[in-house]
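These are the residues of each chain, in order.
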Amino acid sequence: MGAMMEPVAGPLIDIIAGARPNFMKIAPIIRAIEARRQRGSTLRWRLVHTGQHYDARMSADFFEQLHIPEPHVNLEVGSGTQAEQTAGIMVRYEQLLLRSPSQLCLVVGDVTSTMACAIVAQKLCIPVAHVEAGIRSGDWSMPEEINRLVADAITSYFFTTSEVANANLRKAGIADERIFFVGNTMIDTLLANLSRLRPPAFWQQHALVPGGYFVMTMHRPANVDTAEGFRAVLAAIAAAVRGMKVVFPVHPRTAKTLAAVGALPPNLIVVEPQPYLEFNYLVRHAKAVITDSGGVTEETTVLGIPCVTMRNSTERPETVTVGTNELIGTDPAKLEPAFDTLFAGRWKKGAIPALWDGRTGERIAAELERLLKAGAGVSAG
Ligand code: UD1
């Protein structure tokens, strides 16, 4: 055998992840880049965890279940106000890039880490790719909307989940060559793990049966930041479900308010934040889901499970126009009529949005390779 050639070190992509909803979005991208490397690609990647979410239940459990490799770097920013987290991530990510630059910064979703790292990279003239770009709720009271607007204002390459996102970007003057309609990486993860979903330990303890309970998640400031308001939401939900059980995995932000709510309705099963496989098992077998999350409405759409969203707006309108989601607003009085429709068996069936097919990670990796080969140094807007 002849001498082995040293593999050429190709361009390095930073993959940024900070908070729970990021982890399911990066897993398929890493897998797809690795698959290309197996076939001879020289692309390299570095996983940077900002440490925005740090509890095992909000972070490490997801890495383990979704087989995401250990981050190369953890910026360990921890809790704080919006500005404290943003600033902490920016300072630490800039130090990393100055010490050890990458050739592209890939951010996903709309959390504080997404915006903070995009700003840092672009200021160092490192192009930014944004996965889940272009979606808009129009509601500037949500920190996520500000994160989306800022990140997209300085993104070089826009990877999108829907035609609505494409249209939003075009309206903002982004040239078609920088928009890549690739689908939804969160759905890649869901489809790849469907056969691995498994019941949580309390499934039997509470005698849960498919179709015989609801799942609820709630963590938006508008719904959970005052004990009074949240008490009213919980009472209305407990009444609307007509005595059926409601499984409620509680986000750390919500836990603080829940402690001040006092006596809880007896049909509410309060549990810790669930790992990915258990959470989606619960969703897949629920009669319906009640939520104020964005990502959950995409998962229910693909699973065909009715979803009642307690928000006034959504950045994911296709979950309503195509999928199984209905926006009822934050007024608890709107729950009763929604549940009348559900119990009458008149909830819409829904369909699956275009390109939510489990192949999005592959499309992103192929495009990244093409862009970086073409010498994607151009970070200009
Ligand atoms: C963040 C995202 C939101 C996403 C949500 C999912 C932003 C602006 N928001 O909101 O889009 O839907 O994550 O979970 O980035 N905490 C812990 N342990 C943790 C993480 C947080 O106890 O591992 C506590 C924090 O101390 C804080 C609260 O939970 O008191 C909220 O955390 P934070 O990261 O500020 O935002 P989220 O509400 O989780």
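Placed above this text is the structure.
With that out of the way, let us pick up the site of the ligand. Surrounding the ligand, one finds 21 residues, the nearest of these being Gln52, His53, Ser79, Glu144 and Lys256. Within the side chain of His53, one N or O atom sits 2.8 Å away from an oxygen atom of the ligand. Separating an oxygen atom of the ligand from a backbone N or O atom of Asp55 is a distance of 2.8 Å. For the ligand, the protein covers 88% of the area, taking 740 Å² as the surface of the free molecule. Using a 2 Å cut-off from the grid points, one finds that the ligand occupies the largest pocket. Mapped onto the shell around the ligand, the elements with two or more residues apiece are α1 (20–38), α3 (82–99), α5 (143–153) and α11 (252–261). Taken together, domain 1 (12–184 + 357–373) and domain 2 (198–343) each give at least three residues to the shell around the ligand, which thus spans both.

So, on to α1. Compared with an ideal rise of 1.5 Å per residue, which puts 19 residues at 27 Å, α1 spans 28 Å between its outermost C-alpha atoms and is within 8% of the ideal. Ile26 marks the point of greatest bend in α1, at about 30°, and the proline Pro28 comes within the next four residues. Taken residue by residue, α1 has Asn22, Phe23, Met24, Lys25, Ile26, Ala27, Pro28, Ile29, Ile30, Ala32 and Ile33 as its buried positions.

Each aromatic ring pair is summarised here by two numbers: the centre-to-centre distance and the angle between the ring planes. Throughout the structure, instances matching the rule amount to 9 aromatic pairs. Centre to centre, the rings of Tyr157 and Phe180 are 6.4 Å apart; their planes meet at 50°, and the pair counts as tilted. With a gap of 23 residues between them, Tyr157 in strand β6 (residues 157–160) and Phe180 in strand β7 (residues 179–181) connect regions that are remote in the sequence. Pairwise contacts between aromatic rings join Tyr157, Phe159 and Phe180 into one cluster.

Let's shift gears to the pattern of salt bridges. Applying the stated criterion across every chain yields a total of 22 salt bridges. With its nearest N and O atoms 2.8 Å apart, the salt bridge here joins Arg198 to Glu278. Separated by 80 residues along the polypeptide, Arg198 in the loop between α7 (185–193) and α8 (202–205) and Glu278 in helix α12 (residues 276–284) bring together distant segments of the chain. Given a relative accessible area of 40%, Arg198 falls into the partly exposed group.

With that settled, consider the layout of surface pockets. Any space left empty among the atoms is revealed by the rolling of a water-sized probe across them. Within this model, the largest pocket holds a volume of roughly 1100 Å³. The wall of the largest pocket is formed by 46 residues, among which Pro21, His53, Met58, His219 and His251 lie closest to the centre. The set of elements that each furnish at least two residues to the lining of the largest pocket consists of α1, α3, α5, α11, α12 and α13 (295–303). A per-class count over the lining of the largest pocket returns 18 nonpolar, 16 polar and 12 charged. Two domains each donate at least three residues to the lining of the largest pocket, and these are domain 1 (12–184 + 357–373) and domain 2 (198–343). By volume, the second largest pocket is sized at about 170 Å³. As for the second largest pocket, its lining consists of 13 residues, of which Asp139, Ser141, Met142, Arg220 and Ala222 are closest to the centre.

Calculation notes
- Residues numbered from 1 in each chain as written.
- Predicted model: local features only at pLDDT ≥ 70, side-chain atom pairs only at ≥ 80, totals over all residues.
- Heavy atoms only, no water.
- Near = heavy atom within 4 Å.
- Polar contact = N/O pair within 3.5 Å; in protein donor to acceptor, adjacent residues only side chain to side chain.
- Areas by Shrake-Rupley, 256 points an atom, 1.4 Å probe, with all protein chains shown as cover.
- 1 Å grid on protein atoms, 1.4 Å probe; cavity = no way out; pocket = protein on both sides within 12 Å on 5 of 7 lines; lining within 4 Å.
- Sits in = over half its atoms within 2 Å of the grid points.
- Helix = DSSP H or I, 4+ residues; strand = E, 2+ residues; numbered from the N terminus.
- Domains from an automatic or database assignment.
- Expected span 1.5 Å × (residues − 1).
- Bend = angle between axes of the 7 residues up to and from the residue.
- Buried < 20%, exposed > 50% of the residue type's maximum accessible area, 1.4 Å probe, protein only.
- Phe/Tyr/Trp six-rings, centres within 6.5 Å; stacked < 30°, edge-to-face > 60°.
- Salt bridge = Lys/Arg side-chain N within 4 Å of Asp/Glu carboxyl O.
- Points joined across faces, edges and corners; volume = space filled by probe spheres on them.
- Nonpolar A, V, L, I, M, F, W, Y, C, P; charged D, E, K, R; others polar.

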